[in-house]
Amino acid sequence: MKPTFANPVLPKTGTVVVPILDGRKLLASAKNLDKQMKGGLMRAIKASQFKGSKGHSLHLLAPAGTKLDRVMVVGLGKPTDVTDSAMQAMGGRIYTALASKGKTASVLIDSVEKSKMSPARMAAEVAYGGRLASYRFDKYRTKARRHNKPTLKTVKVLSSGTAQARKLYRDMDKVADGVFFTRDLVSEPSNVLYPETLAAEAKKLAKLGVKVEVLGEARMRKLGMGALLGVGQGSVHEPKLVVMQWNGAPKSKEKPIAFVGKGVTFDTGGISIKPSGGMEDMKWDMAGSGVVIGLMKALAGRKAKVNAVAVVGLVENMPGGNAQRPGDIVTSMSGQTIEVLNTDAEGRLVLADALWYTKERFKPKFMVNLATLTGAIIVCLGNERAGLFSNNDVLSKRLSDAGDAVSEQLWRFPMGDVYDKMINCDIADMKNISGGRGAGSITAAQFLKRFVGTTPWAHLDIAGVTWSNKAKPTVPKGGTAFGVRLLDRMVKDYYEAK
Ligand code: BES
Ligand code: MN
Ligand code: ZN
């Protein structure tokens, strides 16, 4: 769906959406429409349960006195409910309600007294929410396609200040492009998306001016990435490390910020094999890398004034004649040795080398890694928030604030020596699981921390928020791309040249 922007004139035909406030308070366009309908709109509203609360709506078909086909009245709630995220949610609900009700719809945006938002900003956010809600992954539905396909192609957002609305929307549209790219990557099955093909997808960012390098097994062997390579050795697919650089800062020598992603294109568990029930979910064990790639697309798409690097470690974790065994000891690029007691704790092995490489090569201002790292984080936080683990309070606060602002929320966990000790090992520098039953997400984070040196670093455990079985207004079921909007926001608020 593509939104367009124009002046707030009530259309004569087609589908029209008008907002009202809580307490059945009509705004300018609803009043205008009510007049054309000789009071019919207010009568319909009164005859229904609809009061104008946030998230509620009422549909009227072919209202007398007009040539309109459909009027959708949407509730804004109270003036204080009119916020960025509420407007996005409203846009999402409008799109979803009208998706199969014709080709176009017009949404009127009235100014709301006592609200801090301008009509232009409201219009842009409604458009953004509508676009985010319009995501579909239906490329493999060859039969159902024609019937189930949404018909709504254009949403016309009508408000004052259209030039400003268009300008605000421009960057949002680029972020949505990044979100869609991530959702596509996360949704692809693992017979189609494996290290080589995922690296090829990342290469497409070159069109936007991103420098993309792909390192193969031989190169990684020379660099000493024994931890990452051990995970991939049971698969027929060669592991890859993809390095992406976006240089948008006015000072080209400015130190970059860095993002690192776990890209396990399928996680069977390896020789420590997983139970078969639900194993199909492990196609999205590459979501950390998918988010990082989508974020680079967003930053490059909107030409962010920042230097950013992204590194993703891509491997398939399979059992097989050459697979890594429990008890194997591997040497990471950092020189630290690891006893692999459980081949299913593979994400941390991949990230160990990817983080060390990023730190050594780029000396970044900070590193944020994303990973579907532990099932334990789902026990802690369910599907509502991602876990945040960090060695730096300023970075943590910035990430948390950005998450609150875009409704991709985080919850920070403690770290410390007592947890660190749990992965000490008798015959190597560390083991890849604690062996105990508690604090599984924290000990995983402690493991990663051993590979970041003194660089400010944060780890987002996104295992619980990457895939959703319940649609939200701007996030359809399936791959969520959780993290793209959050990190884009953090970059914009704290790291971009003005
Ligand atoms: N990819 C999984 C974590 C995961 C589980 C993500 C469920 C999404 C949904 C990870 O590689 C894993 O297998 N972790 C193990 C660690 C354990 C062996 C210490 C886990 O969480 O069970
Ligand atoms: Mn695993
Ligand atoms: Zn995994």
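Look up: the structure comes first, before these words.
*Asks:* Would you mind showing me how to read the nonpolar core here?
*Replies:* Membership of the largest hydrophobic core comes to 95 residues, with the highest contact counts inside it found for Met244, Phe259 and Leu399. For this core, the element with the highest residue contribution is helix H6 (residues 162-187), accounting for 10 residues. Counting contributing residues, this core receives three or more from each of domain 1 (2-140 + 149-159) and domain 2 (175-494). Sequence-distant contacts of Met244, that is, excluding residues within four places in its chain, are made with Ala202, Leu205, Val210, Lys211, Val212, Ile293, Met296, Ala308, Val309, Ala310 and Val312. In this structure, Val243, Ala258, Val311 and Leu351 belong to the second largest nonpolar core, which totals 37 residues.

*Asks:* Quick question: what am I supposed to make of empty space enclosed by the protein here?
*Replies:* Applying the stated rule across the entire model yields one cavity of 30 Å³ or more. Taken as a whole, the largest cavity encloses approximately 50 Å³ of empty space. If you go around the largest cavity, the residues you meet are Met1, Pro3, Gly91, Ile94, Tyr95, Val107, Val126, Ala127, Gly130 and Val155. At the level of secondary structure, the elements contributing two or more residues to the lining of the largest cavity comprise helix H3 (84-98) and helix H4 (119-133). Of the residues in the lining of the largest cavity, the class split is eight nonpolar, two polar and no charged.

*Asks:* For this particular structure, what's the right way to read the coordination of the zinc ion (ligand 3)?
*Replies:* By definition of the ideal shapes, a tetrahedral metal site with four donors has angles of 109.5 degrees and an octahedral site with six donors has angles of 90 or 180 degrees. Those donors, Lys262 (NZ), Asp267 (OD), Asp285 (OD) and Glu346 (OE), are the protein atoms that reach the zinc ion (ligand 3), and they lie 2.0 to 2.4 Å from it. Coordination of the zinc ion (ligand 3) draws on donor residues from a single chain, spaced K-x4-D-x17-D-x60-E in sequence. A gap of 3.2 Å separates the zinc ion (ligand 3) and the manganese ion (ligand 2), which Asp267 links by coordinating each metal. Note that Asp267 is positioned in strand E10 (residues 257-267) and Asp285 in the loop between E10 and helix H10 (287-301), a separation of 18 residues in sequence. Both residues of the pair, Asp267 and Asp285, belong to the buried class.

*Asks:* Help me out: how do you make sense of the packing of H6 against H10 in this one?
*Replies:* Describing two packed helices takes the angle between their axes plus the distance from one axis to the other. At a minimum axis separation of 8 Å, H6 and H10 run at an interaxial angle of 155°. When the interaxial angle is binned, H6 and H10 end up roughly antiparallel. Judged by the sense of rotation from one axis to the other, the crossing of H6 with H10 is right-handed. Contact with H6, carried on its side by Lys174, Val175, Asp177, Gly178, Phe181, Thr182, Leu185 and Val186, involves Ala287, Gly290, Val291, Ile293, Gly294, Lys297, Ala298 and Gly301 of H10 and no other residues of that element. Taken together, the residues of the contact of H6 with H10 sort by class into eight nonpolar, five polar and three charged.

*Asks:* Just checking my understanding: could you explain the coordination of the manganese ion (ligand 2) for this structure?
*Replies:* Taken together, Asp267 (OD), Asp344 (O), Asp344 (OD) and Glu346 (OE) make up the full set of protein donors to the manganese ion (ligand 2), lying 2.0 to 2.2 Å away. The site at the manganese ion (ligand 2) holds six donor atoms, and with the angles between them running 70 to 167°, its shape is irregular. Within one chain, the residues serving as donors to the manganese ion (ligand 2) are arranged as D-x76-D-x1-E.

*Asks:* Whenever I open this one, the site of ligand 1 confuses me. Can you help?
*Replies:* As a structural note, the neighbourhood of ligand 1 is formed by 17 residues, with Lys274, Asp285, Asp344, Glu346 and Gly375 the closest of them. In the environment of ligand 1, an oxygen atom lies 3.3 Å from a nitrogen or oxygen atom belonging to the side chain of Lys262. A distance of 2.8 Å separates a nitrogen atom of ligand 1 from a polar atom in the side chain of Asp285. Broken down by class, the residue content of the shell around ligand 1 amounts to six nonpolar, four polar and seven charged.

*Asks:* Looking at this model, I keep getting lost on the pattern of salt bridges. Mind explaining?
*Replies:* If the charged atoms of two oppositely charged side chains come close together, the side chains can form a pair. Applying the stated rule across the entire model yields 26 salt bridges. One salt bridge in this structure joins Arg121 and Glu125, with 2.9 Å as the shortest N-O distance. Residue Arg121 and its partner Glu125 are both found in helix H4; the two are separated by four residues, about one turn of the helix. In this structure, a network of salt bridges that share partners links the residues Lys2, Arg131, Asp173 and Asp177.

*Asks:* Honestly, the packing of aromatic side chains in this entry has me stumped. Any pointers?
*Replies:* Think of a pair of aromatic rings as described by two things: how far the centres are apart, and how the planes are tilted against each other in angle. In total, this model carries eight aromatic pairs according to the counting rule given. Ring centres of Tyr135 and Phe180 lie 5.1 Å apart, and the angle between their planes is 70°; on these two criteria the pair is classed as edge-to-face. Here the residue Tyr135 occupies a position in the loop between H4 and helix H5 (145-148), and Phe180 occupies one in helix H6, the gap between them amounting to 45 residues. Using a relative accessible area of 10% as the deciding quantity, one classes Tyr135 as buried. A network of ring pairs unites the aromatic residues Phe259, Phe366 and Tyr495 as a single cluster. Directly above the aromatic system of Phe180 lies the positively charged group of Arg131, at a separation of 4.7 Å from the ring centroid.

*Asks:* Please explain the sheet that holds strand E13 (residues 337-340) as it appears in this structure.
*Replies:* Paired through their backbone hydrogen bonds, the strands of a sheet run either parallel or antiparallel. The mixed open sheet is built from three strands, whose spatial order is E12-E13-E17. Each end of this open sheet is capped by a strand with a single partner; those strands are strand E12 (328-331) and strand E17 (430-431). The sheet contact formed by E12 and E13 spans four bridges and is antiparallel. Across the sheet, the residue bridging to Asp328 is Val340, located in E13.

What counts and what doesn't
- Residues numbered from 1 in each chain as written.
- Chains lettered and ligands numbered in written order.
- Predicted model: local features only at pLDDT ≥ 70, side-chain atom pairs only at ≥ 80, totals over all residues.
- Heavy atoms only, no water.
- Core = buried A, V, L, I, M, F, W, Y, C linked by side-chain atoms within 4.5 Å.
- Buried < 20%, exposed > 50% of the residue type's maximum accessible area, 1.4 Å probe, protein only.
- Helix = DSSP H or I, 4+ residues; strand = E, 2+ residues; numbered from the N terminus.
- Domains from an automatic or database assignment.
- Contact = heavy atoms within 4.5 Å.
- 1 Å grid on protein atoms, 1.4 Å probe; cavity = no way out; pocket = protein on both sides within 12 Å on 5 of 7 lines; lining within 4 Å.
- Points joined across faces, edges and corners; volume = space filled by probe spheres on them.
- Nonpolar A, V, L, I, M, F, W, Y, C, P; charged D, E, K, R; others polar.
- Donors = N, O, S within 2.8 Å, 3.2 Å for Na, K, Ca; no water.
- Axes fitted to C-alpha atoms, helices over the stretch in contact; angles between N-to-C directions.
- Parallel < 35°, antiparallel > 145°, perpendicular 65-115°, else oblique.
- Left-handed = near helix turned anticlockwise from the far one by under 90°.
- Tetrahedral: all angles 85-135°; square planar, octahedral: opposite > 155°, others 65-115°.
- Near = heavy atom within 4 Å.
- Polar contact = N/O pair within 3.5 Å; in protein donor to acceptor, adjacent residues only side chain to side chain.
- Salt bridge = Lys/Arg side-chain N within 4 Å of Asp/Glu carboxyl O.
- Phe/Tyr/Trp six-rings, centres within 6.5 Å; stacked < 30°, edge-to-face > 60°.
- Lys NZ or Arg CZ within 6 Å of the ring centre and 35° of its normal.
- Pairing = 2+ DSSP bridges.

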